[in-house]
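# Tertiary structure, described
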Amino acid sequence: MTHLLERKQQAPAPSRRAAESAIFVMVAAICIALGAWGSSTADLSAVGGVGLVAVLPGTYWAAIIGLNVAFAVAIRRHAHGWALAALTVALIIVIVGAAAMAVDIPRGEVTFRHAGIVDALSSGMRPDGSIDAYFDWPGYFSWLSTVAKAAGLNGVIGLGLWAPVLTVVVWAALVRNIFVALGATRNWAWVGVWLFVLGNWIDQDYLSPQGFGFGVYLAVILLAVGPLAAWTSVPLLPYLRESGVVGLIDWWRERQPLEPDSRRRTGALVLSVVLIAGLIPSHQLTPFAVVLALLAIAALGRSWAPWLALLVIAMASIWFLTGAENFLDGHPLIQNSAGLQNAASANLVDRLEGSQGHEVVARVRILFTGAMWMLAVVGASMSGRRKLKITVPVALAFAPFLLVPMQTYGGEMLLRAALFSLPFVALLMAAIFVPPPPQQRMGLITVALLAVVGTVLSVASVTARYGNSAFDMFTQSEMDGVSAAYRLAPDRALLVSAAHPTPWQDTEYIEHPATTLQDLCKPVTTADECFQLLRGRAWEAGEPGLVLIVTRSSEKAIQLQGLLPQGMLDGVLERVMADPAGTRAFVNHDSAVYLLNPVAEENAS
Amino acid sequence: MTWSPIRADGLDTPSASSRTISTTVICLSVLLPLSMTLPESGMLSPVRVLCMLVFFFAVPGLALVRAFRLDGLGWTPGLAIVSSIAMGVIVTTAWAYFGTGNWLPPVVALALCSVALGLWRLAADVREVTP
């Protein structure tokens, strides 16, 4: 009814509305072209500590401003859904696809590693958790391996280039569906999706189990707040006053299903189980986020299938005890009592180290996320006057943070929790831009505010997302250097990179153990000590020795993040060259490959 | 042709369009995997890549979403893609642990599942229309 009223009051004449919507689609296309032009002409050699944001030209920012202004106007003019969808997809392409438009090599080391795991599974090996934790959750990689073989692809690294854009498009579609299922009005839902795309700087949308896992998380929530939703016609307070906890249980039992068709309820339940069964062997963390979300919905009396959370716990437990038994040995699921302190240290303090530019990026990320939350609080506080229902979104925004004190997740738990809560934070934040009733049309001031807030958040999003571009975007010379290293490496040789990230391990993942000087030399402070550790590893490796790869990106990472003491890498390389067992076997503009081989020393002596 | 076979009151209306969609899903489930027979290099290679990507990313999930009558709510694209991957993960993971490394059986299993789900919905629509 609200939707119909809103449409009637806002919509221009049908022919005019269609013409305006077509113009918005044209604006979206022009902005994509401008964004692509801007990204592809950016001077990547000048990327410094603050990342891509500093080198993107005016044409790129014109696209960003154009999209935000067009979206705000399109919302006010009540443009067709397909026009709003076109603008949203354009925003995703311009922001999330900027790196792919700048250079046709996937960004980040992990995409390459994931391609290597897919490559290993393609050889027909059984998933073996003793290799590393990736093989305890091989589901998504097994699927990708089958896709690659069936499609006749030579590996999946090519899919990694545009995977982030496609992933965020699917996420955005699911997020909008959730908002509508939660009862958001048309404009509230679209603005929420827009803010979700802008707030998504956390960079988990690459070719990864987390990308798929977050999609499942959204799909399960969609089914939970859609066909599996419940409601109670009676208020809670009288029950609580009368009988306390017993009254609470009685109130909870009063739930009725929202979906009248029992076939669809059953279908939603079965589909939820299929989604969860696909998620559990693919990603270790997301099932727990799903459990917390389902419990939050159930606790509010809004779930017709509250035991679904228990089913997820049972299924995940079975996987931990069977498929992932290797991981459990030495990796407690829940950390000790110092959890909160560890979490704060690993998630926040450790990220504020490095060069001045890197610190700026780290602070922008924290401020950006904090600002989103503050605006969400403002939106939530305005929801009463706007007669918006926000109980479930508030619960779903807070629930993921219960994961933070339980695990540091390699120092990333706070970021992951922020990602899981982001859709609901965006929805609450979008409430600011919903006009209070009876006014249905967004005022001019609100439109201007939306365009300005959107543009500012876009700049913050590009800064936060591409803050590591100096070292997580790779050049063709670096790729050539890594290829040379694999070509020169004897069978079973240890591969050592100067630091993360390095575009390696996308092939021969099992054949070559790999480490970095960054990890190897963590306990020492001088170049000589680091070299002795490296030499020790070469002798441990035996006849094949080791291959040391130094790339532009790894040197930048060391410099900007302060991963090694100043001068240590140069000192180590000098010692490698001076050692009878060491040689420099390859060098080009952006990379060098060194061999450290005990056999070479024996031959020399 | 309307995509949605479900009326605004939430009740299913078995329609010609619903039966057409089910038939299309069944045909895609059979035809797209046949592109595996195309060569890995040459002019037909991109066609094979496209067909298999459409199959793996859309068809099983679309069959699943329709079979369980969750289409018509405006959710189909997102839900179908994620469901397709989830179904693929279940089949390929089971095969990775118990199989032989041959990648053909998981594709055939997914195609058969999609056909079965499509037929299920088609049969239900025909049954409900027939007095």
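Scroll up a little and you will see the structure.
First, a word on what this report is: a plain description of the structure on this page. (Residues numbered from 1 in each chain as written. Chains lettered and ligands numbered in written order. Predicted model: local features only at pLDDT ≥ 70, side-chain atom pairs only at ≥ 80, totals over all residues. Heavy atoms only, no water.)

## Things to note about the overall build of chain B
Selection rule: Under the scheme used here, helices are H or I runs from DSSP no shorter than 4 residues and strands are E runs no shorter than 2 residues, and both carry numbers assigned from the N terminus. For each residue, the accessible area found with a 1.4 Å probe, counting protein chains only, is set against the maximum for its type, and the residue is called buried under 20%, exposed over 50%, and partly exposed in between. Residues are treated as being in contact if the distance between any of their heavy atoms lies within 4.5 Å. Method for areas: the Shrake-Rupley scheme with a 1.4 Å probe, in which residue coverage is limited to the protein chains shown.
Per the secondary structure count, chain B includes four helices and zero strands. Among the 131 residues that make up chain B, the fraction classed as buried is 50%. When contacts within chain B are restricted to residue pairs at least 6 apart in sequence, long-range pairs at least 24 apart make up 63% of them. Roughly 5,900 Å² of accessible area belongs to chain B as shown, and the carbon and sulfur atoms make up 77% of that amount.

## A short note on a nonpolar patch on the surface
Keep this limit in mind: Any residue with relative accessible area above 30% and no salt bridge may belong to a patch, with like charges joined within 9 Å and the nonpolar Val, Leu, Ile, Met, Phe, Trp and Tyr side chains within 5 Å. In what follows, salt bridge is the name for a side-chain nitrogen of Lys or Arg lying within 4 Å of a carboxyl oxygen of Asp or Glu.
Taken together, A:I65, A:V69 and A:V73 make up a surface patch of nonpolar side chains, about 210 Å² in accessible area. The topology assignment puts A:I65 in helix α3 (residues 58-76).

## Looking at the sheet that holds strand β7 (residues 591-596) of chain A
All names here are of chain A. Definition in use: Strand pairing follows a simple DSSP-based rule, namely that at least 2 bridges must link the two strands. Lines fitted to the C-alpha atoms define the axes, with helices restricted to the stretch that makes contact. Angles between their N-to-C directions range from 0 to 180 degrees.
Ordered by their spatial adjacency, five strands build an open sheet running β4-β3-β5-β7-β6, and the pairing between neighbours is mixed. At either end of the open sheet lies a strand with only one pairing partner, and these are β4 (514-516) and β6 (582-587). Taking each pair of neighbouring strands and ignoring which way they run, the sheet shows an average axis angle of 25 degrees. Looking at chain direction, strand β5 (residues 546-551) and β7 are connected through six bridges and run antiparallel. Looking across to β7, one finds that T551 is bridged to S591. Its contacts with the sheet place helix α22 (residues 476-488) against β3 (494-497), β5, β6 and β7, and it is angled at close to 20 degrees to β7.

## Topic: the pattern of salt bridges
Residues and elements named next belong to chain A. Following the criterion strictly, the structure yields 18 salt bridges over all chains and no others. Put simply, E359 and R363 hold a salt bridge, and the shortest N to O gap is 3.9 Å. On the criterion of helical spacing, the pair formed by E359 and R363 is a turn pair, its members being four residues apart in helix α17 (residues 356-382). By relative accessible area, which is 44% here, R363 ends up partly exposed. For R552, the salt bridge goes to E478, with nearest N and O atoms at 3.1 Å. Of the two residues, R552 sits in helix α25 (residues 552-561) while E478 sits in helix α22, which places them 74 residues apart along the sequence. For E478, a relative accessible area of 0% gives the class buried. Salt bridges sharing partners connect three or more residues here, namely R107, D203, D205, R465 and D472.

## Thoughts on α17(A)
Rules: Expected span, for any helix, means 1.5 Å times one less than how many residues it has.
Taking 1.5 Å as the rise per residue, α17(A) with 27 residues should run 39 Å; its terminal C-alpha atoms sit 38 Å apart, in good agreement. For α17(A), the complete set of buried residues consists of A:G357, A:H358, A:V361, A:A362, A:R365, A:F368, A:M372, A:A376, A:G379 and A:M382.

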